[in-house]
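Chain and residue survey
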Amino acid sequence: MTADQNASPGGTGPSPLLIRGGRPYGEDVQDVLLEAGRITAIGTDLEVPADAEVVEADGCIVLPGLVDLHTHLREPGGEEAETIESGTRAAARGGFTAVHAMANTLPVADTAGVVEQVARRGETDGWCSVRPVGAVTVGLAGERLAELDAMANSRAKVRVFSDDGKCVHDPVLMRRALEYVKSFDGVIAQHAQDPRLTEGAQMHEGVVSAELGLAGWPAVAEESIIARDVLLAQHVGSRLHVCHLSTAGSVDIVRWAKERGIDVTAEVTPHHLLLTDETVREFDAVFKVNPPLRTAEDVQAVRDGLADGTIDIVATDHAPHPRDAKDREWDQAAMGMTGLETALSLVQLTMVDEGRLTWRDVARVLSEKPAEIGRDEDQGQVLEPGAPAHVLVWDPRSVRAADPAEHASRSRNSPFAGIELPGMNRLTVLEGRPTVRDGLVVEQ
Amino acid sequence: MRHFISIADLDRDEAIAVLATAEHMAETQSRSIRKLPTLVGTTVVNLFFEDSTRTRISFEAAAKRLSADVINFSAKGSSISKGETLKDTALTLQAMGADAVVVRSGSSGAAHLLAHAGWIDQPIVNAGDGAHEHPTQAMLDAFTMRRHLRPGDPTAGLDGLHVVIVGDVLHSRVARSNVLLLTLLGARVTLVAPPALVPVGASAWPCEIRYDLDEALATGPDAVMMLRVQSERMVGGGFFPTAGEYSRRYGLTTARAASLPDHAIVMHPGPMNRGFEIAGDVADSPRSVIVEQVASGVFVRMAVLYHLLATDSREGPR
């Protein structure tokens with residue numbers, strides 16, 4: 001099936017698409033009919049409209065298109081590692097229909113001009129919806145607020161602000177940022193890392209760092225910032241989002257904050273759901289990431305937190321790097337891992353197959369809730385007639401070893417190379433048009 | 001042995017074999033002609049990303065006494081200082097036909113990476129990687145201890161000995177390699193340091209950790225190894241209030257040295273901060289084996305190169 005066959009005759013809109021025999025949310029078998037960019041019917045034995053294409057879903061899971069709240073697309077400025085085109089291609093292959101593009105580009109996305117440029121490129125080049133994240137501070141320097149309102153009221157309608165990669169560590173600045181975004185229903189997504197406690201830090205501080213002689217990144221450097229921030233959010237009545245939480249202590253603090261009714265949400269990355277600091281022993285910088293891989297106890301705690309709802313979402317922190325940035329001594333290599341193309345497989349492996357999450361929960365943590373936090377009105381909707389036709393058909397029975405060489409991302413720094421991962425993207429539909437079929441991007 | 005990267009890669013028999021070879025090498029060095037033909041025609045590259053005159057010339061002397069050709073490749077004034085990566089340097093050395101590479105780097109894992117990244121096929125010797133390991137230093141320390149405390153038996157380990165290692169453990173690759181090797185050889189190790197200079201996570205190491213030097217010395221150790229305080233690596237600062245306070249609490253003063261058992265030896269990997277971690281009089285005293293450690297270094301490095309490069313290394317040196 002090519003894109004041509006999927007265009008309705010005489011028009012530019014997508015032709016009707018019937019997903020037959022799939023299991024929405026992994027529950028009962030139901031057909032899903034997509035017409036004119038919307039879901040128009042869900043039920044058993046739906047009639048096939050005359051001009052409709054039929055996709056046999058054969059018991060596959062049908063989910064709303066995934067939404068990533070934390071993606072580094074690298075454009076502008078880092079096109080050697082990724083572009084908006086290649087990054088959204090990777091996203092589509094991963095089952096995503098929307099990504100939030102982090103602000104640490106060159107130039108930094110700290111003005112209306114840059115976020116509008118990113119949004120526009122997303123519209124023209126994107127294989128999924130691109131929502132720019134605005135920087136909290138000018139140049140991510142942590143000294144003064146960027147023009148948040150201008151970004152919020154630009155065409156890009158920014159709602160998520162983050163200095164990700166850097167922590168808004170000045171408590172007064174963080175307080176002001178939290179207060180400021182209230183007027184346009186924004187959220188501050190904090191990269192929680194006390195800079196003084198992590199000077200020169202290379203990996204999780206513990207038994208392995210002691211042995212390897214690498215400077216430690218202590219859990220307390222994350223936890224102390226999260227503790228401060230939830231108290232600040234409570235004090236000023238603002239919305240806080242905690243990026244890529246990684247320690248057992250962080251889970252405890254967020255759980256405590258939620259019990260007190262503080263308006264905080266939190267994310268965990270797929271890699272923190274599986275990998276530990278033991279991987280560092282080979283000094284392969286593909287395992288170097290910030291926050292660092294933690295201990296097996298931390299992995300267990302973030303899984304528990306995701307299962308019980310303390311952690312609201314899974315976000316990839318997809319961080320592509322060119323090969324040269326990783327082919328180096330550990331302390332000179334760049335931090336970050338790609339993750340868009342393996343995210344759902346990781347969630348299936350660590351949570352669904354372990355009986356910790358249902359597929360309905362997966363829809364919540366990878367689609368509905370990230371869209372809600374990011375205020376993506378058109379994304380993460382419940383699969384029902386009238387909802388926009390952003391749909392993923394996922395075959396959970398497929399198993400294959402991850403191979404970064406096959407990835408659509410421009411970069412190859414996936415830590416999962418060679419690991420047997422479950423699940424396969426059979427079909428991803430964005431606004432009624434297939435972007436991916438059987439794992440391959442549908443060239444337009 | 002394919003590479004010599006980490007004490008953690010060795011078993012006891014391998015460690016003893018290297019020490020035994022080093023004893024043979026020491027014997028040859030008392031002959032009138034000290035140069036052995038063993039490695040004629042081979043080229044050993046000393047790749048030093050960090051300044052270290054002592055270790056470099058020790059490796060250079062070791063290789064030359066085995067008749068190897070030696071190329072010194074140091075950071076200053078070379079392509080490395082112009083921003084060349086480890087990978088490109090390795091590819092260059094591979095293309096030039098080095099037979100072994102001795103590497104010193106400020107980055108933990110550099111030697112491991114060089115050995116396993118697929119850039120170069122030759123044996124790699126770790127001459128110190130960051131705060132990770134310095135395996136030939138530990139071998140020369142064990143060699144020196146064995147000569148003084150377990151003399152005469154080339155198959156002996158260090159069973160039953162008690163070694164106290166004092167000072168900046170956090171930044172010390174010497175301490176890490178020694179904890180592994182000395183315990184592998186049967187010794188008991190006590191680390192003594194101010195708490196901020198003990199790595200978080202070191203409680204998992206196979207040794208005892210104390211904060212009080214006088215208490216540790218009162219147990220009557222067989223050897224005391226003083227570590228250099230690596231002020232240049234103390235990122236973030238504040239590890240101890242002043243040099244004076246450190247010296248009072250953790251310096252090996254003449255009074256402390258006098259409290260040691262008569263047979264106990266005093267060691268230091270060098271370079272020393274005289275008057276800081278060790279009193280000059282102690283460093284120069286009869287119980288100090290610090291200069292002898294330097295001589296041992298050449299024998300041990302000859303032994304390591306021999307085990308990695310000599311085609312007849314299984315039969316022992318002639």
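Residues numbered from 1 in each chain as written. Chains lettered and ligands numbered in written order. Predicted model: local features only at pLDDT ≥ 70, side-chain atom pairs only at ≥ 80, totals over all residues. Heavy atoms only, no water.

**Some details on the overall build of chain A**
- Helices and strands together make up the secondary structure of chain A, namely eleven helices and 19 strands.
- A compact globule built from 444 residues would reach a C-alpha radius of gyration of about 22 Å, and chain A, at 21 Å, matches this within 12%.
- C-alpha atoms of chain A, sized along the principal axes, occupy 65 × 45 × 45 Å.
- Out of the 444 residues in chain A, the part that is buried amounts to 63%. (Helix = DSSP H or I, 4+ residues; strand = E, 2+ residues; numbered from the N terminus. Rg over C-alpha atoms; globule rule 2.2 N^0.38 Å. Buried < 20%, exposed > 50% of the residue type's maximum accessible area, 1.4 Å probe, protein only.)

**Observations concerning the confidence of the model for chain B**
- Per-residue pLDDT for chain B has a mean of 93; in total, 95% of the residues score no lower than 70.
- Considering only residues more than four positions removed or in separate chains, one finds that residues 314-318 of chain B, a stretch of pLDDT under 50, has seven contacts. (pLDDT = per-residue confidence, 0-100. Contact = heavy atoms within 4.5 Å.)

**Quick look at the domain arrangement of chain B**
All names here are of chain B.
- As assigned here, chain B comprises domain 1 (7-133 + 295-315) and domain 2 (135-293).
- Using only C-alpha atoms to locate each centre, domain 1 and domain 2 end up separated by 25 Å.
- Each partner contributes to the interface: domain 1 provides 33 residues, whereas domain 2 provides 34 residues.
- For the pair domain 1 and domain 2, the summed buried area comes to about 2,600 Å², and 62% of that belongs to carbon and sulfur atoms.
- On the domain 1 side of the interface with domain 2, the three residues burying the most area are Ile 7, Arg 12 and Leu 19, jointly 25% of the side's total.
- Residue Arg 173 is joined to Glu 50 by a salt bridge in which the shortest nitrogen-to-oxygen separation is 3.0 Å.
- With nine residues, helix H1 (residues 12-28) is the single largest residue contributor to the side of domain 1 that touches domain 2. (Domains from an automatic or database assignment. Buried area = accessible area lost by both parts, 1.4 Å probe. Salt bridge = Lys/Arg side-chain N within 4 Å of Asp/Glu carboxyl O.)

**Looking at the nonpolar core**
- In terms of nonpolar packing, the biggest core is built from 93 residues, with B:Met139, B:Met145, B:Ile165, B:Leu182 and B:Leu305 touching the most fellow members.
- Take this core: its biggest share by element is eleven residues, from helix H11 (residues 290-309) of chain B.
- Composition of this core by domain shows at least three residues from each of domain 1 (7-133 + 295-315) and domain 2 (135-293) of chain B.
- Excluding residues that lie within four positions of it along the chain, B:Leu305 makes contacts with B:Leu39, B:Val44, B:Ala62, B:Ala63, B:Leu66, B:Val125 and B:Ala310.
- Counting 92 residues, the second largest nonpolar core, distinct from the first, contains A:Ile39, A:Leu148, A:Val158 and A:Ile262. (Core = buried A, V, L, I, M, F, W, Y, C linked by side-chain atoms within 4.5 Å.)

**Structural notes on the domain arrangement of chain A**
Residues and elements named next belong to chain A.
- Assigned domains of chain A: these are domain 1 (4-62 + 386-441) and domain 2 (65-374).
- Look at where the C-alpha atoms of domain 1 and domain 2 centre, and you get two points 27 Å apart.
- If you look at the interface, domain 1 gives 31 residues, while domain 2 gives 45 residues.
- When domain 1 packs against domain 2, close to 3,100 Å² is buried across both sides, 62% of that on carbon and sulfur atoms.
- Our enumeration of links across domain 1 and domain 2 arrives at one salt bridge.
- At the boundary of domain 1 and domain 2, one finds 21 residue pairs in polar contact (both at pLDDT 80 or more). (Polar contact = N/O pair within 3.5 Å; in protein donor to acceptor, adjacent residues only side chain to side chain.)

**What about the pattern of salt bridges?**
Residues and elements named next belong to chain A.
- The full count for this structure, using the stated rule, is 44 salt bridges over all chains.
- We note a salt bridge from Glu 179 to Arg 175, for which the minimum N-O separation is 3.3 Å. Residue Glu 179 and its partner Arg 175 are both found in helix H4 (residues 171-180); the two are separated by four residues, about one turn of the helix.
- Since its relative accessible area comes to 25%, Glu 179 is described here as partly exposed.
- Taken together, the shared-partner salt bridges in this structure form one network comprising Asp 395, Arg 397, Arg 426 and Asp 438.

**Focus: the sheet that holds strand S9 (residues 265-267) of chain B**
Residue and element names in this part refer to chain B.
- Sheet architecture is open: five strands sit in the order S7-S6-S5-S8-S9, paired in parallel fashion. Among the strands making up the open sheet, the edge pair consists of strand S7 (208-210) and S9. Here the strands of the sheet are splayed against their neighbours by 20 degrees on average, with no regard to which way each runs.
- As judged from the five bridges shared by strand S5 (residues 162-166) and strand S6 (residues 188-192), these two strands associate in the parallel manner. If you follow Val 166 over to S6, its bridge partner there is Val 192.
- The strands touched by helix H5 (residues 135-149) within the sheet are S5, strand S8 (223-226) and S9, with S9 carrying the most contacts at an inclination of about 165 degrees. (Pairing = 2+ DSSP bridges. Axes fitted to C-alpha atoms, helices over the stretch in contact; angles between N-to-C directions.)

**A short note on the interface of chain B and chain A**
- Across the contact, 22 residues belong to chain B and 21 residues belong to chain A.
- Counting the surface lost from both chain B and chain A, the interface buries some 1,700 Å², and carbon and sulfur atoms represent 54% of this.
- When the buried surface of chain B facing chain A is broken down by residue, B:Ser108, B:His112 and B:Val200 rank first, second and third, together holding 25% of it.
- Summed over the shared surface of chain B and chain A, the number is one salt bridge.
- The closest approach of N and O atoms between A:Asp327 and B:Lys87, which form a salt bridge, is 2.9 Å.

**Comments concerning the packing of aromatic side chains**
- A full pass over the atoms with the stated rule returns seven aromatic pairs over all chains.
- On the basis of an interplanar angle of 70 degrees and a centroid distance of 5.4 Å, the ring pair of B:Tyr246 and B:Phe276 is categorised as edge-to-face. Here B:Phe276 lies in the loop between S9 and helix H10 (280-283) and B:Tyr246 lies in helix H8 (residues 243-250), a separation of 30 residues in the sequence. When sorted by exposure, B:Tyr246 lands in the same class as B:Phe276, which is buried.
- Connected via pairs of aromatic rings, a cluster forms that spans B:Phe240, B:Tyr246, B:Tyr250 and B:Phe276.
- Positioned above the aromatic ring of A:Tyr25, the side-chain terminus of A:Arg360 is 4.0 Å from the ring centre. (Phe/Tyr/Trp six-rings, centres within 6.5 Å; stacked < 30°, edge-to-face > 60°. Lys NZ or Arg CZ within 6 Å of the ring centre and 35° of its normal.)

**Comments concerning the side chain of A:Glu53**
- In this fold, A:Glu53 is placed in strand S4 (residues 53-56).
- Separated by 2.9 Å, the side chains of A:Glu53 and A:Arg437 make a polar contact.

**Brief notes about the environment of A:Leu366**
Residues and elements named next belong to chain A.
- Mapped onto the fold, Leu 366 is located in helix H11 (residues 359-374).
- The exposure class of Leu 366 is buried, given its relative accessible area of 1%.
- The spacing of Leu 366 and Val 314 is 52 residues in sequence and 5.8 Å in space, taken between C-alpha atoms.
- Once you skip the residues sitting within four places of it in the chain, Leu 366 turns out to touch Leu 66, Val 67, Phe 96, Val 314, Leu 344 and Val 347.

**A look at the pairing of strand S4 (residues 124-129) of chain B**
- Along S4(B), six of the six residues are buried, which leaves the element largely enclosed by surrounding structure.
- Following the backbone out of strand S3 (residues 100-105) of chain B, through helix H4 (residues 110-116) of chain B and into the adjacent parallel S4(B), one traces a crossover that is right-handed. (Right-handed = clockwise from strand over helix to strand, strands pointing away.)

**Concerning the environment of B:Val289**
Residues and elements named next belong to chain B.
- Here Val 289 shows up in the loop between H10 and H11.
- Accessibility expressed as a relative area gives 3% for Val 289, which makes it buried.
- Considering only alpha carbons, one finds Val 289 and His 268, 21 residues apart in sequence, at a separation of 8.2 Å.
- Other than its neighbours up to four places away in sequence, Val 289 contacts Thr 144, His 148, Ile 265, Val 266 and Met 267.

**Remarks on the state of the cysteines**
- Within the structure shown, the criterion is met by zero disulfides over all chains.
- With no disulfide of its own, A:Cys167 lies closest to A:Cys243 among cysteine sulfurs, the gap being 9.9 Å. (Disulfide = S-S within 2.5 Å.)

**A short note on the sheet that holds strand S6 (residues 66-71) of chain A**
Residues and elements named next belong to chain A.
- Strand order in the open sheet formed by three strands is S6-S7-S8, with parallel pairing between adjacent strands. In the strand order of this sheet, the two ends are held by S6 and strand S8 (129-132), each with one partner. Neighbouring strand axes in the sheet, compared pairwise and without regard to direction, differ in orientation by 20 degrees on average.
- Contacts between helix H1 (residues 84-93) and the sheet are confined to strand S7 (96-101) and S8, with S7 contributing the most and set at about 135 degrees to the helix.
- On top of the sheet, H11 reaches S6, S7 and S8; it is set at about 55 degrees to S6, its chief contact.

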